Amino acid sequence: QVQLVEFGGGLVQAGGSLSLSCTASGRTLSNYAAGWFRQAPGKEREFVAAINRSGGTTSYENSVKGRFTISRDNTKNMVFLQMNSLKPEDTAVYYCAARNFWGSKYDYWGQGTQVTVSS
């Protein structure tokens, strides 16, 4: 069982930046592909970005391409989401997730961290 914890959310003005981090307990995060999702009020949870086990392959939702960067440091057992040029529509609870390999379903989820972007 993998327990994921996100941190780094907060309030930022439009155009600003935030960096989210995700760490794992119970298992080594480097054994899993990982991703970030978000859920805005009244909306369904949506995919944001994904990264494979080594960090050599990434994928992004179209609206965040060029603004967000997913990365990982397997020596520190962590996955990151750097968010730049934030927009009010990026406001959501952001979730870290892990899956056994690229292409499988996500089996493990964190509790989420709130990101609020003010206009």
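Going by the structure above, here's the rest.
Residues numbered from 1 in each chain as written. Predicted model: local features only at pLDDT ≥ 70, side-chain atom pairs only at ≥ 80, totals over all residues. Heavy atoms only, no water.

> Please clarify how the state of the cysteines should be interpreted in this entry.
Here is the idea: a disulfide is a covalent bond, and it sits between the sulfur atoms of two cysteines. Applying the stated criterion across every chain yields a total of one disulfide. For Cys-22, the disulfide goes to Cys-96, at an S-S distance of 2.0 Å. Its torsion about the S-S bond being -80°, the disulfide of Cys-22 and Cys-96 is classed as left-handed. Taken as a pair, Cys-22 in strand E3 (residues 18-25) and Cys-96 in strand E9 (residues 92-99) lie far apart in primary sequence, 74 residues in all. (Disulfide = S-S within 2.5 Å. Helix = DSSP H or I, 4+ residues; strand = E, 2+ residues; numbered from the N terminus.)

> I would appreciate a short explanation of unusual backbone geometry in the present structure.
Glycine aside, the phi torsion of most residues is negative, and most peptide linkages are trans. For Asn-77, which is not glycine, the phi dihedral falls at a positive 60°. Note that Asn-77 resides in the loop between strand E7 (68-73) and strand E8 (78-83). Assessed through its relative accessible area of 16%, Asn-77 is described here as buried. (Buried < 20%, exposed > 50% of the residue type's maximum accessible area, 1.4 Å probe, protein only.)

Worth remembering: the numbers are spatial, not functional.
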